[in-house]
Amino acid sequence: MVESSRHALYNVFLTHCQAFKSGIISHIYVANNILFRYSKCYPGDLNLACKLFDEMPHKDTVTWNTMISGYVESGNLGAAWEFLKSMKRRGFQADGYTFGSILKGVAHACRHDLGKQVHSLIVKIGYEQSVYAGSALLDMYAKCERVEDAYDVFQGMPVRNFVSWNALIDGFVQVGDRDTAFWLLDCMQKEGVRVEDGTFAPLLTLLDGDKFYKLTMQLHCKIVKHGLEFYNALCNATLTAYSECGLLEDAKRVFDGAVGTRDLVTWNSMLVAYLVHDKDEDAFNLFLEMQGFGFEPDIYTYTCVISACFAAAHKNYGKSFHALVIKRGLEESVTICNALITMYLKLNNKSMEAALNLFHSMKSKDRVSWNSILTGFSQMGFSEDALKLFGHMRSSAEEIDDYAYSAVLRSCSDLAILQLGQQIHLLTVKTGFDSNDFVASSLIFMYSKCGIIEDAWKCFEDTTKESSITWNSIMFAYAQHGQGDVALDLFSIMRDREVKLDHVTFVAVLTACSHVGLVEQGRCFLKSMESDYGIPPRMEHYACAVDLFGRAGYLEEAKALIDSMPFQPSAMVLKTLLGACRACGNIELAAQVASQLLEVEPEEHCTYVILSNMYGHLKRWDDKASVTRLMRERKVKKVPGWSWIEVKNEVHAFKAEDRSHPYSEDVYQILGELMEEMKRLHSLASSDSLMHDVNHMYPRSDLSY
């Protein structure tokens, strides 16, 4: 493209020289022609065009229009606007082409304030009856999402063609007004105006739910009736609409029927349809098939297929796609690298190093790159690394958004670092992100984990309370602080205010029931989720219910619930039941659950440790030795737990029997003193308890003897 631009510039330059040499450059028609060709050579660089414009002894409206159009095409609305003002000052009359060009730039920049000024000028000089100017005005208002103004312009147009109708329909589509958009389609057809692919394509984007499947089929029938089904844009939009409505088979039929007219977008649309419907294998096969048909995957294709490779069953696919990206020379694509980083982070903790290596190898990074690594650190428990990375982000002048704030606040929560959390809270206030629902939710969580429920409530109070995100967080906060009744009261208020409930809401509700022992109420919530609220229980809801029954000692009911689940229990559910078995001392059931868990997660050390400790507590030494031997055979090592403490705004980390800290001797001395104090208090408490029992069994009058 650069070479073709240079060649075009060379030809214009030759023409300019010849015109200058022969003296015809003073002819306005010749000069305008050369000016126009200069403006098209290098979009964005109009220096040569400006130089010729300044040198032209004679100018007309076409001359000014060429410069205005050139600056609009280059994306420089400011320069185009200055030329329009100069044109008026010099006494040149704007025409339909002037208004068409400047309004195109206004629409692209969404500057409806400037558009109104142009509208006033059009009315002032009597151009409101011009179809060209009217269509440009309508399109400008529609693209600026001022659909009422667009409709007023439309109503005042003496002649309305299919372009005008399409622009108006597209405007209502952009603002999501489905009813008006389809009403306009009916009006358009009743007036006998010709419909075309640009009429139907925007409307199809509005059909994105199960309830629109009949409307999608009706619109598809209209498209076929008018012979438009083989237009690429319509074929792709129809395919996507069927997929969004849950009709994957119909989407596949549209794809299969477009054999001769498929383009790369068609293949990508079908690929996404498979992925949205969890048909990963079909998507991978389609990826191979498209190349067999001679279509080279683009950045969007690779990004989509890589995003499906985080499941354990597809982890080798992810590495293969990474190799293919390198082979195709796309490893410098920021979008693809971001997808690969996310894929590695979702695989498992062991892939964190691969994600980091890829991140550090990127020559250029965007916010998504930084946020992906930051979120990965936070979610995988590398909280200290997350805090360090956040510091690097700030020092690198990288723009910090709501995702970054949410991730770093989560890390502050995990480490219970109140002072740093408060500092980041101030940053969110300073940058205006404290009102963001996700950031507010993270602030609530952080203050709650740091033990300050009052500040968590203040953060909630400062939100709009229109989203379930912040409601869910404050319910979790009170539930985990042992105030489940408050959490359930909040649920009632949330329901009364008609805040849209989601699956996380019921995780919070069931957690609240579990923490305060409301077994019957929790059981009712689980049963009524789908029937009363239209939210089918997920794995996490069953895990909460298992925890609820386990805490109350109802192990058999917890086991029966797992057996009745419509899907296989995940490791999370089994771990919850195992924890309940440990609390209740049921070693037989614990052994069964542990056996299942070790099949699902043979490398998870927690299962071995819990089972070993239970056997040890019951003095079943042979069984305990068997578990230890199994760990050794499978090369599973116990991962020590870590503790953190913040002293003078500095985080100190410790693990069991750790002597690496420079003040370890002092630390262990204090720990020893604390242990002695705890023993003393325990002894006193035991004595008081014994005396209470004696007093209860023997009245004071009996003891006097």
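Thresholds, definitions, all that
Residues numbered from 1 in each chain as written. Predicted model: local features only at pLDDT ≥ 70, side-chain atom pairs only at ≥ 80, totals over all residues. Heavy atoms only, no water. Disulfide = S-S within 2.5 Å. Phe/Tyr/Trp six-rings, centres within 6.5 Å; stacked < 30°, edge-to-face > 60°. Helix = DSSP H or I, 4+ residues; strand = E, 2+ residues; numbered from the N terminus. Buried < 20%, exposed > 50% of the residue type's maximum accessible area, 1.4 Å probe, protein only. Lys NZ or Arg CZ within 6 Å of the ring centre and 35° of its normal. Expected span 1.5 Å × (residues − 1). Axes fitted to C-alpha atoms, helices over the stretch in contact; angles between N-to-C directions. Parallel < 35°, antiparallel > 145°, perpendicular 65-115°, else oblique. Left-handed = near helix turned anticlockwise from the far one by under 90°. Contact = heavy atoms within 4.5 Å. Salt bridge = Lys/Arg side-chain N within 4 Å of Asp/Glu carboxyl O. Polar contact = N/O pair within 3.5 Å; in protein donor to acceptor, adjacent residues only side chain to side chain.

Visitor: Looking at this structure, how should I read the state of the cysteines?
Guide: When the sulfur atoms of two cysteines share a covalent bond, that bond is a disulfide. Following the criterion strictly, the structure yields zero disulfides and no others. Cys-144 takes part in no disulfide bond, and the closest cysteine sulfur to it belongs to Cys-110, at a distance of 4.8 Å. Free cysteine Cys-245: the closest other cysteine sulfur is in Cys-221, separated by 14 Å.

Visitor: Explanation requested: the packing of aromatic side chains in the structure shown.
Guide: Centre distance and the angle of the planes are the two values used to describe a pair of aromatic rings. Applying the stated criterion to the full structure yields 27 aromatic pairs. Taking 5.0 Å as the distance between ring centres and 80° as the angle between the ring planes, the aromatic pair formed by Phe-255 and Trp-267 counts as edge-to-face. Here Phe-255 is found in helix α15 (residues 248-256), whereas its partner Trp-267 is found in helix α16 (residues 264-276), with twelve residues between them in sequence. Relative accessible area serves as the criterion here: at 1%, Phe-255 is assigned to the buried category. A residue is classified by how much of its surface remains accessible, and Trp-267, at 0% relative accessible area, is buried. A ring pair is formed by Phe-359 and Trp-370, whose centres lie 5.3 Å apart and whose planes are at 85°; its orientation type is edge-to-face. Of this pair, Phe-359 sits in helix α21 (residues 352-361) while Trp-370 sits in helix α22 (residues 367-379), and the two are eleven residues apart along the sequence. A relative accessible area of 3% means that Phe-359 is categorised as buried. One aromatic cluster in this structure is built from Phe-53, Trp-64, Tyr-71, Phe-83 and Phe-92. When the ring centre of Phe-255 is taken as origin, the NZ or CZ atom of Arg-262, which lies over that ring, is 4.0 Å away. Over the ring of Trp-267 we find Arg-262; its NZ or CZ atom is 5.1 Å from the centre of that ring.

Visitor: What's the story with helix α37 (residues 621-633) in this structure? I'm lost.
Guide: In an α-helix, one turn spans 3.6 residues, which is why side chains three or four residues apart end up on the same side. Between its terminal C-alpha atoms α37 stretches 18 Å, which fits the 18 Å expected from 13 residues at 1.5 Å a residue. Of the residues flanking the end of α37, it is Lys-635, one or two places downstream, whose phi is positive at about 60°.

Visitor: What is the right way to look at the packing of helix α5 (residues 77-89) against helix α7 (residues 112-124) in this model?
Guide: When two helices pack together, their arrangement is captured by the angle between the axes and the distance separating the axes. The contact between α5 and α7 brings their axes to 13 Å, and the two run at 25°. Relative to α7, the element α5 is oriented roughly parallel. The hand of the α5/α7 crossing is left-handed. In this structure, α5 uses Leu-77, Trp-81 and Lys-88 to contact α7, whose residues at the interface are Leu-114, Gln-117, Val-118 and Leu-121.

Visitor: Can you help me understand the pattern of salt bridges in this one?
Guide: Once their charged atoms are close, side chains differing in charge can pair, the charge on each being opposite to the other. According to the stated counting rule, one finds 20 salt bridges in the structure shown. In this structure, the salt-bridge partner of Arg-111 is Asp-113, at a minimum N-O distance of 3.0 Å. Exposure remark for Asp-113: the relative accessible area of 36% places this residue in the partly exposed category. The salt bridge involving Glu-557 is made with Arg-523; its shortest N-O contact spans 2.8 Å. Taken as a pair, Glu-557 in helix α33 (residues 555-563) and Arg-523 in helix α31 (residues 519-533) lie far apart in primary sequence, 34 residues in all.

Visitor: Any chance you could explain unusual backbone geometry here in plain terms?
Guide: In this structure, Cys-110 is a non-glycine residue whose phi angle is positive, near 55°. Its place among the elements puts Cys-110 in the loop between α6 (96-109) and α7. Cys-110 gets classed as partly exposed once you look at its relative accessible area, which sits at 44%. Backbone geometry at Glu-145 places phi at a positive 60°, although glycine is not the residue there.

Visitor: Please explain the environment of Ser-612 as it appears in this structure.
Guide: When you line up the elements, Ser-612 lands in helix α36 (residues 605-617). Exposure remark for Ser-612: the relative accessible area of 8% places this residue in the buried category. On a C-alpha basis, the gap between Ser-612 and Ala-625 in space is 7.9 Å, while along the polypeptide they are 13 residues apart. In contact with Ser-612, not counting residues within four places along its chain, are Lys-624, Val-627 and Thr-628. Within polar-contact distance, the side chain of Ser-612 engages the side chain of Lys-624 at 2.9 Å.

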